[in-house]
Amino acid sequence: VTTLHPPPAPPSDDELIRRSMSEPEHFAELFDKYAGDIHRYLARRVGDAADDLVSETFLAAFRQRSSYRSVHEHARPWLYGIATNLLRRHARTEQRRYRALARSHDAGEWERFFEDEAAERLDATALRAPLAAALADLAKPDRDVLLLFAWAQLGYQEIAEALTIPVGTVRSRLNRSRRLMRTALAGHDLTIEETS
Amino acid sequence: MNEITLLWEFGPDAPAAQPSALSAARAQLLAEIDGSSAPRRTVRRYGVGIAAAAIVTSGLLAVQLVGGGTHRGASAEAATILGQAAAAAAHLPTAAPGQYYYTRRMIETATGVPCLPPDKNGNTPAFSILVSRTETQWLPASDSGSARMKTDPGPAHFLSASDAATAEHNCPDVLARYGQVGAETSERIVQAPIAQLPGAGPFQRHDAASLAMWPRDPRKLVALLLDSHGAGRGAPAEALVNATDLYGDGASIPADLRSAIFKAMALIPGIAVVDEDVTSDGRQGVGFAVVDSQGERTEVVIDPSTGLVISVVRTDSKTGAVYLRLTEHYGIADSLRSVPTKQY
């Protein structure tokens, strides 16, 4: 097929959700738009359990769609909020995963370093273990905010919407978690910028 | 490099989403959608919702009108054809106990895919792809027993070189994901009464007792079809959708009810009849078309030699762009695993 044409503007997420109230099949379009991103976010946090959680996220979203309210044009914050809430049941799994990653990088990475001529890569890879250990030590509410910011790339207002908490709380949790991360990484030989 | 960047680049790796995992999650969502209590529309029976983008009619995907004209109301010729179809429907074989009504649908949907998140300038490029799949079902001849439902993905490809360039330049990650979605065959065998199978609704999935209760008088039947128009598209458009939903299980619908459905469709206010219609796979039939209040045209094509629905096409009535196109084949299978040698 070689016909060129300008694709029509896709409907906004708000519009899709509104349409799905009378024509539920439209909700599948939200899945197609966001399932990959949500899965990646969940997989970084709980590994293989993401397969089931991404399904639970969209099923929950579909069932809750009548209560959807967004100040944004897209449903990302809402979906990430549901996914993050579902992670509560997996808090121990998540923590164990980080601790296991910290141990595995401690044990194995140095051997590979000797085979790797890139010094920069060596330094950066060496941070995987303390990064994972620091994540394991964070309180769950702080970790949620930090990872929604770092991995889901949501803004302050979007995180507030996702977790239904005030923006001020987002700021304070993010500041605290970033400070703890910097402290945990401070002993490693890599420049950490001071950030507000 | 601050701690946020470090987290992004050197935090725990995410195992790549397996196509089967996303396909399974999507199938579960579609099953939930199918089972929801909202008013049903034909398109839901075919799985994926109509997507944002449409295929601009290029002759490739539009239902072609060959020879016959399109006009409102049933013409004398169409009435004759419908009469023949009703008569033919009475002679279709029926499945014996232990056999299965087999239906195979080839479905194509046009999907507009935005590149999200927006780029640093706030722009959201989009590209269009055509997704195809085949849905096959085996419904037991008796009201209980196992039913088998299978979905085989077809190729997803760009509609144009422009779409390919847009995707590859702006969002290769999104492109890769669309290459994976639906890439796995899904299959399930359900043991439930027909009325409780996935997709059941006011006009779908009826057992013999329920089918016996639908009126055979076309005027009474069209009144029932017109009475349920909850989706807000207008009663005539909903009535056509309801008729095709009622007809949805094809050969398992009793011949006299099938005949009544045809005649009722011809009575839907504002319906246009395409005397000679040709489906995308080259079969000829008679088409019924209604334009809804949002400008969407639904056309149902019936094969007069069998009295079976052989195609459904949904288009933008103003631009001719095709949103969805499907063709259907029917047969009687001897087992849940067999494919009928004779198909209609």
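This report concerns the structure included in the present document. (Residues numbered from 1 in each chain as written. Chains lettered and ligands numbered in written order. Predicted model: local features only at pLDDT ≥ 70, side-chain atom pairs only at ≥ 80, totals over all residues. Heavy atoms only, no water.)

**Details of the overall build of chain A**
Thinking step 1. A count of helical and extended segments in chain A gives 10 helices and 0 strands.
Thinking step 2. Listing the helices and strands of chain A from first to last along the sequence gives α-α-α-α-α-α-α-α-α-α.
Thinking step 3. If you sum the accessible surface of chain A, you get close to 9300 Å²; carbon and sulfur atoms cover 49% of it. (Helix = DSSP H or I, 4+ residues; strand = E, 2+ residues; numbered from the N terminus. Areas by Shrake-Rupley, 256 points an atom, 1.4 Å probe, with all protein chains shown as cover.)

**With respect to the overall build of chain B**
Thinking step 1. Looking only at helices and strands, chain B has 10 helices and 11 strands in total.
Thinking step 2. Burial statistics for chain B: of 344 residues in total, 56% are counted as buried.
Thinking step 3. Look at the contacts in chain B between residues 6 or more apart in sequence, and 65% of them connect residues 24 or more apart.
Thinking step 4. Put simply, chain B shows about 13500 Å² of open surface, and 54% of that area lies on carbon and sulfur atoms. (Buried < 20%, exposed > 50% of the residue type's maximum accessible area, 1.4 Å probe, protein only. Contact = heavy atoms within 4.5 Å.)

**Notes on the nonpolar core**
Thinking step 1. Of all hydrophobic cores here, the largest spans 65 residues; its most connected members are Phe27 and Phe58 of chain A.
Thinking step 2. Ranked by residues supplied to this core, first place goes to helix α2 (residues 27–46) of chain A with 11 residues.
Thinking step 3. Apart from the residues lying within four places of it in its own chain, the contact partners of Phe58 of chain A are Phe27, Leu30, Phe31, Tyr34, Ala35, Ile38 and Leu79 of chain A together with Leu29 of chain B.
Thinking step 4. Judged by nonpolar contacts, the second largest core, of 37 residues, contains Ile107, Val273, Val290 and Val300 of chain B. (Core = buried A, V, L, I, M, F, W, Y, C linked by side-chain atoms within 4.5 Å.)

**Remarks on the pairing of strand β9 (residues 296–303) of chain B**
All names here are of chain B.
Thinking step 1. The element β9 is extensively covered by neighbouring structure, given that 8 of its 8 residues are classed as buried.
Thinking step 2. Here β9 shows no split at all, with Glu296, Thr298, Val300 and Ile302 on one side and Arg297, Glu299, Val301 and Asp303 on the other all buried.
Thinking step 3. If you look at the hairpin formed by strand β8 (residues 284–291) and β9, you'll find 4 residues sitting between the two strands, and Gly295 has a positive phi there, around 85°.
Thinking step 4. Sheet topology note: the β9/strand β10 (residues 308–316) ladder contains 8 bridges and is antiparallel. In the sheet register, Glu299 faces β10, and the bridge partner there is Val313. (Pairing = 2+ DSSP bridges.)

**Details of the packing of helix α3 (residues 50–64) of chain A against helix α4 (residues 76–86) of chain A**
Residues and elements named next belong to chain A.
Thinking step 1. Two elements in contact, α3 and α4, have axes whose closest approach is 9 Å; the angle formed by their N-to-C orientations is 120°. Between α3 and α4, the angle is such that the two are oblique. When the axes of α3 and α4 are compared, the crossing they make is right-handed. Residues Leu53, Glu56, Thr57, Phe58, Ala60, Ala61 and Gln64 of α3 pack against Trp78, Leu79, Ile82, Ala83 and Leu86 of α4. (Axes fitted to C-alpha atoms, helices over the stretch in contact; angles between N-to-C directions. Parallel < 35°, antiparallel > 145°, perpendicular 65-115°, else oblique. Left-handed = near helix turned anticlockwise from the far one by under 90°.)

**Concerning the pattern of salt bridges**
Thinking step 1. Applying the stated criterion across every chain yields a total of 20 salt bridges over all chains.
Thinking step 2. Two residues, Arg148 of chain B and Glu187 of chain B, come together in a salt bridge whose shortest N-O distance is 2.7 Å. Within this pair, whereas Arg148 of chain B is found in strand β5 (residues 146–158), its partner Glu187 of chain B is found in strand β6 (residues 186–191), the two being separated by 39 residues in sequence.
Thinking step 3. Here Glu187 of chain B falls in the partly exposed class, since its relative accessible area comes to 36%.
Thinking step 4. Each of Arg45, Glu94, Lys140, Arg143 and Asp144 of chain A takes part in a single network of salt bridges with overlapping partners. (Salt bridge = Lys/Arg side-chain N within 4 Å of Asp/Glu carboxyl O.)

**Overview of the packing of helix α9 (residues 156–163) of chain A against helix α10 (residues 167–185) of chain A**
Residues and elements named next belong to chain A.
Thinking step 1. Between α9 and α10, the least distance of the axes is 8 Å, while the angle of their chain directions is 105°. Taken together, the axes of α9 and α10 lie roughly perpendicular to each other. Residue-level contacts link Tyr156, Gln157, Ile159 and Ala160 of α9 to Val167, Val170, Arg171 and Leu174 of α10.
Thinking step 2. Looking at the contact of α9 with α10 residue by residue, the classes come out as 6 nonpolar, 1 polar and 1 charged. (Nonpolar A, V, L, I, M, F, W, Y, C, P; charged D, E, K, R; others polar.)

**A look at α10 of chain A**
Residues and elements named next belong to chain A.
Thinking step 1. Here α10 spans 27 Å end to end across 19 residues, near enough to the 27 Å set by a 1.5 Å rise per residue.
Thinking step 2. Residues of α10 that are buried include every one of Val170, Arg173, Leu174, Ser177, Arg178, Met181, Arg182 and Leu185, and no others. Projection of α10 onto a plane perpendicular to its axis shows the buried side chains occupying an angular sector of 165°, all on one side. (Expected span 1.5 Å × (residues − 1). Arc of directions from axis to C-beta.)

**Details of the side chain of Arg297 of chain B**
Thinking step 1. Summarising the element assignment, Arg297 of chain B is placed in strand β9.
Thinking step 2. Side chain to side chain, Arg297 of chain B and Glu299 of chain B meet in a polar contact 2.2 Å long. (Polar contact = N/O pair within 3.5 Å; in protein donor to acceptor, adjacent residues only side chain to side chain.)

**So, the side chain of Ser132 of chain B**
All names here are of chain B.
Thinking step 1. Relative to the assigned elements, Ser132 resides in strand β4 (residues 126–140).
Thinking step 2. Given a relative accessible area of 16%, Ser132 falls into the buried group.
Thinking step 3. Setting aside anything within four residues of it in sequence, one finds Ser132 in contact with Ile107, Glu108, Pro153, Gly154 and Pro155.

**Notes on the packing of aromatic side chains**
Residue and element names in this part refer to chain B.
Thinking step 1. Taken as a whole and assessed by the stated rule, the structure comprises 7 aromatic pairs over all chains.
Thinking step 2. Their ring planes at 75° and their centres at 5.4 Å tell us that Tyr102 and Trp138 sit as a pair that is edge-to-face. Highlighted residues: Tyr102 in strand β3 (residues 100–114) and Trp138 in strand β4, separated in sequence by 36 residues.
Thinking step 3. Classification of Tyr102 by relative accessible area gives buried; the value is 4%. (Phe/Tyr/Trp six-rings, centres within 6.5 Å; stacked < 30°, edge-to-face > 60°.)

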